[in-house]
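Next come the chains, spelled out residue by residue.
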Amino acid sequence: DIQMTQSPSTLSASVGERVTITCRASQSISSWLAWYQQKPGKAPKLLIYDASSLESGVPSRFSGSGSGTEFTLTISSLQPDDFATYYCQQYNSYSTFGQGTKVEIK
Amino acid sequence: QVQLQESGPGLVKPSETLSLTCSVSGGSISGYYWSWIRNFPGKGLEWIGYIYYSGNTNYNPSLKSRVTLSVDTSKNQFSLKLSSVTAADTAVYYCARHMTYSSKFDPWGQGALVTVSS
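The structure presented is a predicted model; accordingly, all values stated were derived computationally and were not measured.

The rules we used
Residues numbered from 1 in each chain as written. Chains lettered and ligands numbered in written order. Predicted model: local features only at pLDDT ≥ 70, side-chain atom pairs only at ≥ 80, totals over all residues. Heavy atoms only, no water. Helix = DSSP H or I, 4+ residues; strand = E, 2+ residues; numbered from the N terminus. Rg over C-alpha atoms; globule rule 2.2 N^0.38 Å. Buried < 20%, exposed > 50% of the residue type's maximum accessible area, 1.4 Å probe, protein only. Disulfide = S-S within 2.5 Å. Contact = heavy atoms within 4.5 Å. Buried area = accessible area lost by both parts, 1.4 Å probe. Salt bridge = Lys/Arg side-chain N within 4 Å of Asp/Glu carboxyl O. Polar contact = N/O pair within 3.5 Å; in protein donor to acceptor, adjacent residues only side chain to side chain. Pairing = 2+ DSSP bridges. Axes fitted to C-alpha atoms, helices over the stretch in contact; angles between N-to-C directions.

A. Layout of the overall build of chain A. A count of helical and extended segments in chain A gives zero helices and eleven strands. Seen in sequence order, chain A has helices and strands lined up from the N terminus as β-β-β-β-β-β-β-β-β-β-β. A globule of 106 residues ought to have a C-alpha radius of gyration of about 13 Å, and chain A, at 13 Å, matches this closely. The C-alpha extent of chain A, read off along each of the three principal axes, is 35 × 25 × 25 Å. Burial analysis of chain A (106 residues in total) assigns 49% to the buried set.

Here it is in structure tokens:
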């Protein structure tokens, strides 16, 4: 099965900072990758799909890039509402998730 | 818009069977794929399996021997049964919709915490 590795596991940042999270797949998944945001006690919320397509209603400060085995989620200017845990998901073969990246206030 | 709601016992004894139901409102269960995903406390997400509205299923190989999914289109519901549970199955269980057999999940239910303990 395809393993997804996210880095870093935890990220401390300030409001207004540019933030980048990386997700690596153990084999090529083309562009079959999604990013989710999860806040405590809530379900994950879809942000990005097909590696770089922004879900309707998601702020444009979120962007995704990559293909094959390496992908990134970028938040161009971190806002107070963005402090959360972020997961990547591959859907090239079945579905597997990264272990998550917690974005904390610096 | 479509909303999903998980329901079922919040406490299950070891070796017994965990049973959850996902009720779909605001739209039809027909024409879509429906998955169960679990979130371990303080850890990541694990896809359990999916069922198509027609009844076709596909399970995570690591759970295949213990998982059964079913669908009731007349009630706009689908269900999860996980047998022989242990404490390692304690998690928040989510149901979610997807458009093809392998795709992004959206929307998700609010989640149901299931604790395995005697």
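Okay, back to it.
B. Representation of the state of the cysteines within the structure. If you walk through the whole model with that rule in mind, you get two disulfides over all chains. A sulfur-sulfur separation of 2.0 Å characterises the disulfide bridge that pairs Cys23 of chain A with Cys88 of chain A. Around the S-S axis, the bridge from Cys23 of chain A to Cys88 of chain A shows a dihedral of about 60 degrees and counts as right-handed. Within this pair, whereas Cys23 of chain A is found in strand 3 (residues 19–25), its partner Cys88 of chain A is found in strand 9 (residues 85–90), the two being separated by 65 residues in sequence. The same class applies to Cys23 of chain A as to Cys88 of chain A, namely buried. The disulfide partner of Cys22 of chain B is Cys95 of chain B, and the gap between their sulfur atoms is 2.1 Å. Across the S-S bond linking Cys22 of chain B and Cys95 of chain B, the dihedral sits near 65 degrees, which makes this disulfide right-handed. Here Cys22 of chain B is found in strand 3 (residues 18–25), whereas its partner Cys95 of chain B is found in strand 9 (residues 91–98), with 73 residues between them in sequence.

C. Spotlight on the interface of chain A and chain B. Contacts between chain A and chain B engage 18 residues on the former and 18 residues on the latter. Of the roughly 1,500 Å² buried between chain A and chain B, counting both surfaces, carbon and sulfur atoms make up 61%. The tally of links from chain A across to chain B stands at zero salt bridges. At the junction of chain A with chain B, the criterion picks out seven residue pairs in polar contact (both at pLDDT 80 or more). Looking at the side of chain A that touches chain B, the elements with two or more residues in it are strand 4 (33–38), strand 5 (45–49) and strand 9 of chain A.

D. Looking closely at the sheet that holds strand 1 (residues 3–7) of chain B. All names here are of chain B. Reading across the sheet, the four strands line up as 1-3-8-7 and stay open at both edges, with antiparallel pairing between neighbours. Taken across any chain shown, the strands that pair with only one partner, and hence form the sheet edges, are strand 1 and strand 7 (67–72). Neighbour-to-neighbour, the strand axes of this sheet turn through a mean angle of 20 degrees, independent of strand direction. Here five bridges tie strand 1 to strand 3, and the two strands are oriented antiparallel to one another. Bridge pairing in strand 3 places Gln5 opposite Ser23.

E. Inspection of the sheet that holds strand 4 (residues 33–39) of chain B at higher detail. Pairing is mixed across the open sheet formed by six strands, whose spatial order is 2-10-9-4-5-6 (chain B). Edge strands, defined here as strands with exactly one partner in the open sheet, are strand 2 (11–12) and strand 6 (57–59) of chain B.

F. Just the pairing of strand 3 of chain A, in detail. All names here are of chain A. Across the seven residues that make up strand 3, a large majority, five, are buried. Pairing of strand 1 (residues 4–7) with strand 3, which is carried by four bridges, proceeds in the antiparallel orientation. By the bridge assignment, Ser7 is partnered in strand 3 with Thr22. The pairing of strand 3 with strand 8 (residues 70–75) spans six bridges and is classified as antiparallel. What sits directly across from Cys23, in strand 8, is Phe71.

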